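# Secondary and tertiary structure notes
One-letter residues, chain by chain:
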Amino acid sequence: MDELGILGVESSLLQWSDAVAAANATPAGGSVAALASALAASLVSMVAGLTTRREKYAAVHRYAEEIWSRAEALRLDLLELARHDAIVVAEFMDALRLPQATEFERTARDAARRAALLEAARVQLELLDLAAEVSGLAEAMVGSGVATAIGDAATASFLAAAACRSAYWSIRSNLRSMNQPDETRPLIESAVVTLDRVEAAEIRVRQVLDERVG
């Protein structure tokens with residue numbers, strides 16, 4: 001947990017990269033997916049900001065300003081979520097190290113493990129929802145943003161979709177490890193619906209690129 005003390009919204013990209021590259025269990029995939037989503041939101045902000053500064057796009061200035069405002073909020077939320085995911089994974093690893101010599105200790109360890117898995121899934125569900133929102137904003141900028149930055153908006157779409165896929169599989173893994181299918185199935189089914197929506201948006205972005213880029 002000591003390494004996680006330096007990681008937060010103000011941490012540099014180098015600090016995050018060093019922490020991920022270290023031979024530790026955390027921060028890992030969930031944090032990286034959150035960081036990728038934050039960068040995707042940054043791209044959306046960039047394209048929206050450029051759009052508001054071009055008189056040619058005056059008709060969509062207010063729309064672009066609304067997208068910029070939401071993308072900025074998402075960017076900060078996702079950066080904080082990256083840190084939160086790292087902490088939750090560390091707590092799961094702590095639960096696995098609990099003693100299990102007696103029946104009482106084994107029961108306590110299992111309860112701590114299940115609680116940590118549920119919290120890890122909750123964090124990834126939040127990531128899935130936030131990254132899906134970034135995906136929607138990115139698609140909007142692909143269609144309405146300044147034409148010279150369409151590649152940047154598309155990159156945001158692709159990054160957000162990749163993060164959503166990462167979050168979805170993490171959710172499935174964490175929830176199924178709890179061995180409570182009746183309780184966790186609705187969460188997994190909801191995650192599938194969100195991922196399908198994001199991947200459909202990604203396909204539409206690719207179609208726009210095919211039409212405009214050739």
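Now for a description of the structure that goes with this document. This one's a predicted model, so the numbers in the text were calculated from it and none came from an experiment.

Turning our eyes to something else, we now look at the environment of Ala 120. Mapping Ala 120 onto the fold places it in helix H4 (residues 103-144). Counting along the chain gives 54 residues from Ala 120 to Asn 174, while the straight-line C-alpha distance between them is 7.0 Å.

Take unusual backbone geometry next. Of note, the bond from Thr 26 into Pro 27 is cis; its omega dihedral lies within 30 degrees of zero at 0°. Note on placement: Pro 27 falls in the loop between helix H1 (13-21) and helix H2 (29-52).

Take the side chain of Arg 109 next. With respect to the helices, strands and loops of the structure, Arg 109 is situated in helix H4. Discounting chain neighbours no more than four positions away, the residues touching Arg 109 are Ala 95, Leu 96, Leu 98, Pro 99 and Gln 100.

Our focus in this paragraph is the pattern of salt bridges. With the rule as written, the count across this model stands at 11 salt bridges. Residue Arg 113 pairs with Asp 110 through a salt bridge whose shortest N-O separation is 3.5 Å. Here Arg 113 and its partner Asp 110 are both found in helix H4, three residues apart, which amounts to about one turn of the helix. Under the relative-accessibility criterion, Asp 110 is labelled partly exposed at 28%. Look at the salt bridges and you will find they share partners, linking Asp 110, Arg 113 and Arg 114 into a network.

Among the nonpolar cores identified, the biggest contains 60 residues, and Val 44, Ile 67, Leu 78, Leu 127, Val 134, Met 141 and Cys 164 are the most heavily contacted of them. Those elements that place two or more of their residues in this core are H2, helix H3 (61-96), H4, helix H5 (150-177) and helix H6 (181-213). Considering every element that reaches this core, the biggest residue donor is H4, with 17 residues. Beyond its immediate sequence surroundings of up to four residues, Leu 127 is in contact with Gly 30, Ala 33, Ala 34, Ser 37, Leu 78, Leu 81 and Ala 167.

Reading the values: rules and limits
Residues numbered from 1 in each chain as written. Predicted model: local features only at pLDDT ≥ 70, side-chain atom pairs only at ≥ 80, totals over all residues. Heavy atoms only, no water. Helix = DSSP H or I, 4+ residues; strand = E, 2+ residues; numbered from the N terminus. Contact = heavy atoms within 4.5 Å. Salt bridge = Lys/Arg side-chain N within 4 Å of Asp/Glu carboxyl O. Buried < 20%, exposed > 50% of the residue type's maximum accessible area, 1.4 Å probe, protein only. Core = buried A, V, L, I, M, F, W, Y, C linked by side-chain atoms within 4.5 Å.

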